[in-house]
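Here is what each chain is made of, one letter per residue.
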There are 2 protein chains.
Amino acid sequence: MRATVPITVNGLKTACSQCNLVELCLPFGMADSELSRLDELVGARRKVKRQQNLYRAGDRFEAIYAIRAGSFKTDVLLEDGREQVTGFQMTGEILGLDGISTETHSCNAVALEDSEVCVIAYDKLEQLSHQIEGLQLQFHKVMSREIVRDHGVMMLLGSMRAEERLAAFLLNMSQRFNARGFSSQEFNLRMTREEIGSYLGLKLETVSRAFSRFQEDGLISVQQKHVLLLDPAGLKRLIQHQQGVR
Amino acid sequence: MRATVPITVNGLKTACSQCNLVELCLPFGMADSELSRLDELVGARRKVKRQQNLYRAGDRFEAIYAIRAGSFKTDVLLEDGREQVTGFQMTGEILGLDGISTETHSCNAVALEDSEVCVIAYDKLEQLSHQIEGLQLQFHKVMSREIVRDHGVMMLLGSMRAEERLAAFLLNMSQRFNARGFSSQEFNLRMTREEIGSYLGLKLETVSRAFSRFQEDGLISVQQKHVLLLDPAGLKRLIQHQQGVR
DNA sequence: TTTTTTGGTTGACGTGGGTCAACGAGCTTG
DNA sequence: CAAGCTCGTTGACCCACGTCAACCAAAAAA
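Every chain's residues receive numbers from 1 upward, in the order its sequence appears when written. For this description, chains carry letters from A and ligands carry numbers from 1, given in the order in which they are written. Whole-chain, interface and lining totals are the exception, using all residues; otherwise, since this is a predicted model, local features are given only for residues with pLDDT of at least 70 and side-chain atom pairs are given and counted only at 80 or more. Note: side-chain values were computed over all heavy atoms of the structure, leaving out hydrogens and water.

Next up on the list: the sheet that holds strand β1 (residues 42–48) of chain B. All names here are of chain B. Strand pairing is defined by DSSP finding a minimum of two bridges between the two strands. Only DSSP runs of H or I with at least four residues qualify as helices, and only runs of E with at least two residues qualify as strands; both kinds are numbered from the N terminus onward. Taken together, the four strands give an open sheet; going across it, the order is β1-β8-β3-β6, and neighbouring strands pair in antiparallel fashion. At either margin of the open sheet sits one strand with a lone partner, and together these are β1 and β6 (94–95). Taken together, the two bridges between strand β3 (residues 63–69) and β6 define a ladder with antiparallel strand orientation. Paired with Ala66 across the two strands is Ile94, which belongs to β6.

The following block contains the structure:
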């Protein structure tokens, strides 16, 4: 079998070996020799405009997606209309893993801004995992990381008070922006207060008040979606020393 | 390579092909021809007494575990002592997936009763997944199912009120007992009110009060850990129609 | 530019569930 | 079988966060 370099709709090569996100994405930690073989994995890129769905709960599962540009939220809806945001995803992160188990997506993925993803056909991934030593392990690590992340969110939702939740959220965003070469102290959130609230199990008013409180206390400076972390250590202390409600 | 039948400490064969839990466990859905090859996967069984740890956060990750008998809880601890139970596991379910990502376990697994697990060396699983067609897919499905389950817990913690959470918990237990050939209406819980509370993001008093309320309303009959679901449909309605707090 | 819409902030007030405390029922251990 | 546990139940009280509502800023539309 020969690896062919796939061509996308917009005529750009979608080669993992040439992507600057390797460090963050599925191929992380793979040997160069293996990496070049990966190029046949990514079929095409797909653009998703702000507010559009990459996939919806109920859609047949066929591929997973690596975010090349932009960001997403995933959420679950209850029959009665209640929404729970289950995560926010940034470049290099993988979307769609929820679909493997039942071959049907179980949540919605919505672009928070105009974004672009690499489409990774799942059957091809399965095949290549059999052949490329490192790919299987990496993929397992990606899934496992998602499980660990989810446990962190459960901790947050189950055992922390409002301000602790927001502090944890801000520190997490900071760390992820930093990993992508952006400032860890200053960044623009892509989601609304309501979406943050849904993720943190709080109402938007509570999120807004917590932001204001942090600003009063000199921990951060906020203006709409623009956040400046003035005292990250202070935020960390907030999480560790404050005793929980539950 | 020849498959050898491994012998455990207690002299019993640990063969997936002869295990009555195949329907629920990792081998689910695999062809008979593939199944027999699986027997070399399970190294040994390990007994874990009530209250003992199968593994702890920080332990080096080497194996995943399939529950042969008994049940477990997994939890995460915060520096300040707060505990969040992230799940309860029953026979046929897989423990330890959290360890793959960092090669270190990120949570604790504690037996809720005297239990026994099949030890599946992870490196062997990786190898065999390369060779056995169906094993890789099944393993991916198991991990994906865990992710979907976690999203369900987030929904519960983030968007439901106390009674809804307990109703969802009871229905989930009921369904899982049923899948194991036990009554879906009558069962004995293995965990304390405090552990249920930690899982549901509630205090034990709140859990206890919700149990009492359900009994008053004729939805269930409880006596300590013994539960009888008198009106499962009523519990379901409670989740769907009650409007959430958040 | 003005108008409209969407998102964010803030205040006043209400309540679900947390806190604290007493008590009782099973289990275990001597 | 008493003594000491652990676990579960229930009541009284309280507070963190939800609810409702007014208002403002930014962004989008006209």
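With that settled, the discussion passes to the relation of the copies chain A and chain B. The two copies are related by a screw operation: chain A maps onto chain B through 180 degrees of rotation and 0.0 Å of translation along the axis, at an RMSD of 0.0 Å. Such a combination of rotation and displacement between the chain copies is what one expects of a two-fold axis. Identified as the residue of chain A closest to the rotation axis by C-alpha distance is His130(A), at 2.3 Å. We call two residues in contact whenever any of their non-hydrogen atoms come within 4.5 Å of each other. The overlap is high: 100% of the interface residues of chain A also sit at the interface in chain B, so the same surface is used on both sides. For the least-squares superposition of copies, only C-alpha atoms count, and only for residues with pLDDT at least 70 in both.

Residue and element names in this part refer to chain A. The rule is simple: take the accessible area with a 1.4 Å probe, protein chains only, and divide by the maximum for that residue type; under 20% is buried, over 50% is exposed, in between is partly exposed. Alternating residues of strand β11 (residues 226–229) divide into Val227 and Leu229, all buried, and His226 and Leu228, none buried. Pairing analysis gives three bridges linking strand β9 (residues 186–188) to β11, with the strands arranged antiparallel. By the bridge assignment for β11, Phe187 is matched with Val227. Where strand β10 (residues 220–223) and β11 come together, four bridges link them in antiparallel fashion. Within β11, the residue paired with Val222 across the bridge is Val227. Following β10, the chain reverses through two residues before pairing antiparallel with β11; Gln224 in that reversal takes a positive phi of roughly 55 degrees.

With that settled, the discussion passes to the packing of helix α4 (residues 162–179) of chain B against helix α5 (residues 193–200) of chain B. Residues and elements named next belong to chain B. In contact at an axis separation of 11 Å, α4 and α5 are set at 110 degrees when each is read in the N-to-C sense. By the angle between their axes, α4 is roughly perpendicular relative to α5. Contact residues: Arg165, Leu166 and Phe169 in α4; Ile196, Tyr199 and Leu200 in α5. Put simply, Ala, Val, Leu, Ile, Met, Phe, Trp, Tyr, Cys and Pro go in the nonpolar bin, Asp, Glu, Lys and Arg in the charged bin, and everything else, Gly too, in the polar bin. Its residues assigned to classes, the contact of α4 with α5 shows five nonpolar, no polar and one charged. Angular values range over 0 to 180 degrees, each being the angle between N-to-C directions of two axes fitted as lines to C-alpha atoms, with helices fitted over their stretch in contact. An angle below 35 degrees is read as roughly parallel, one above 145 as roughly antiparallel, one from 65 to 115 as roughly perpendicular, and any other as oblique.

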